[in-house]
Amino acid sequence: QTVFLTGITGFIAQNIAKQLLDSKKFKVIGTARSEEKAKHVTEYFKNDDLTIVSVKELGDPTAFDEHFIKFGKDIDFIIHTASPFAAVAANDDIDEFFIKPAVNGATGIFKAAVKYAPNLKHFVITASFASMIDVTKDKDTTHVFNENSWNPVSHDVALSNDVMGYFYSKTLAEKAVWDLQKELDAKFNITAINPGLVLGPQVIDNAASASSLNFSCEFINNLLKTKPGEEVATDFDGLAVDVRDVARAHIEPLLNSEKFKDQRLILNTARFGNQLFLDILNSIPEVKGKIAVGHPGTEDNLESTRAVIDNKKTNELLGYNLISLKQSVEDTVNQIIKVKETK
Ligand code: NDP
């Protein structure tokens, strides 16, 4: 069975590709915009079940068409992960950088699927908890977020900063998929995967040697670059989950399509904040004493001071225990240390 996996040069998609290929149940057609990065992935996997094709720019609404015209009949599953998740450069605008590629990417591949992939059974989109949160309610302990929640962020707010721009891009892209399902009377099943901040090891060790990692793991890498005594900002927190669990959640719907039909899955192992990260980092012998300590223990009760995350439905559907925040952070760091040592 063949999976069309977008953004295979990305952190999450590489973990998905690894699990798909390791299972030996799937052939994978991955998309990449950079030939150099694609070569790196091909060389790492060295697997005849993997083909990588070029999709240059998600903002182009017909970006996927040529590949669907060619491979459409062979595609059983789509996993659409590709979407911008990075800091906006000074000369980029939020509409162009986040919103257009996120929305056109999702709608473009969905329309191509309806038109050219008659045997498609399941479409999985990497959404985000960003499309569920209402930031004005996150500190209200009586508020509950669940699998039906939608982020009410407006376009005006989206244009005010990167974070809101990203949140809006994810909300609009996911909504577009559910709307198109009805509008185009799609015959395949759909699942949205809505993770919090995704941490954990990169599939390709070399990726962990870069001076900066993918956007989410860079939260940890940045703290490793702090100095003892340095003050660290603690004004931002959210949900977190390990990439290996996120990858698995993308694959479960392919194995059990009816069970995951029309579901949105909130993936959350625990709330994180920079202080909690520092506390975990300072418990790692190789790190202790080399970085900031902040104010240990002050984020131990984040959960009880924030809105409730009710994702019982997700956890029951998935049926596996999620890797703990501590383990996920430790595995992220240990890989960074290992790569630095072997350089
Ligand atoms: P990465 O940045 O590692 O991967 C993103 C992928 O999308 C890369 O393959 C990237 O290509 C591709 N891409 C981005 N923008 C474009 C564009 N304009 N045109 C073509 N390709 C593009 O991020 P993650 O793996 O972390 O994220 C994957 C998905 O998961 C995204 O949809 C993200 O929103 C979502 N997500 C991530 C979370 C996290 O904490 N990491 C949390 C919740 C959701 P290239 O390698 O060339 O840059």
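Each value, and the rule that gives it
Residues numbered from 1 in each chain as written. Predicted model: local features only at pLDDT ≥ 70, side-chain atom pairs only at ≥ 80, totals over all residues. Heavy atoms only, no water. Near = heavy atom within 4 Å. Polar contact = N/O pair within 3.5 Å; in protein donor to acceptor, adjacent residues only side chain to side chain. Areas by Shrake-Rupley, 256 points an atom, 1.4 Å probe, with all protein chains shown as cover. Helix = DSSP H or I, 4+ residues; strand = E, 2+ residues; numbered from the N terminus. Nonpolar A, V, L, I, M, F, W, Y, C, P; charged D, E, K, R; others polar. Axes fitted to C-alpha atoms, helices over the stretch in contact; angles between N-to-C directions. Parallel < 35°, antiparallel > 145°, perpendicular 65-115°, else oblique. Left-handed = near helix turned anticlockwise from the far one by under 90°. Contact = heavy atoms within 4.5 Å. Pairing = 2+ DSSP bridges.

### So, the site of the ligand
Then comes step 1: Inspection of the region around the ligand gives 27 residues, with Thr9, Thr81, Tyr166, Lys170 and Val198 positioned closest.
Then comes step 2: Between the ligand and the protein, one listed contact pairs an oxygen atom with a backbone N or O atom of Phe11 at 2.9 Å.
Then comes step 3: Take Lys37: an N or O atom from its side chain is 2.8 Å from an oxygen atom of the ligand.
Then comes step 4: Coverage of the ligand by the protein chains reaches 91% of its 890 Å² of free accessible surface.
Then comes step 5: Going through the elements one at a time, helix H1 (11-23), helix H6 (162-183) and strand S8 (197-199) are the ones with two or more residues in the shell around the ligand.
Then comes step 6: Its residues placed into classes, the shell around the ligand shows 12 nonpolar, 10 polar and five charged.

### Details of unusual backbone geometry
Then comes step 1: Phi at Lys24 takes a positive value of approximately 60°, unusual for a residue other than glycine.
Then comes step 2: Looking at the secondary structure, you find Lys24 in the loop between H1 and strand S2 (27-32).
Then comes step 3: Phi is positive for Asp185, close to 50°, though the residue is something other than glycine.
Then comes step 4: Here Asp185 lies in the loop between H6 and strand S7 (189-195).

### Topic: the packing of helix H10 (residues 274-281) against helix H12 (residues 325-342)
Then comes step 1: Two elements in contact, H10 and H12, have axes whose closest approach is 10 Å; the angle formed by their N-to-C orientations is 65°. If you check the angle between H10 and H12, you find them roughly perpendicular. The crossing of H10 and H12 is right-handed. Contacts between H10 and H12 involve Leu276, Phe277, Ile280 and Leu281 on the former and, on the latter, Leu325, Lys326, Val329, Glu330 and Val333.

### Examining the sheet that holds strand S5 (residues 122-126)
Then comes step 1: Overall, parallel pairing links the seven strands, which are arranged S3-S2-S1-S4-S5-S7-S10 in an open sheet. In the strand order of this sheet, the two ends are held by strand S3 (50-54) and strand S10 (263-267), each with one partner. The average angle at which neighbouring strand axes cross in this sheet is 20°, direction not considered.
Then comes step 2: Across five bridges, S7 lies against S10 in parallel orientation. When the sheet's bridge partners are listed, Ala192 is paired in S10 with Arg264.

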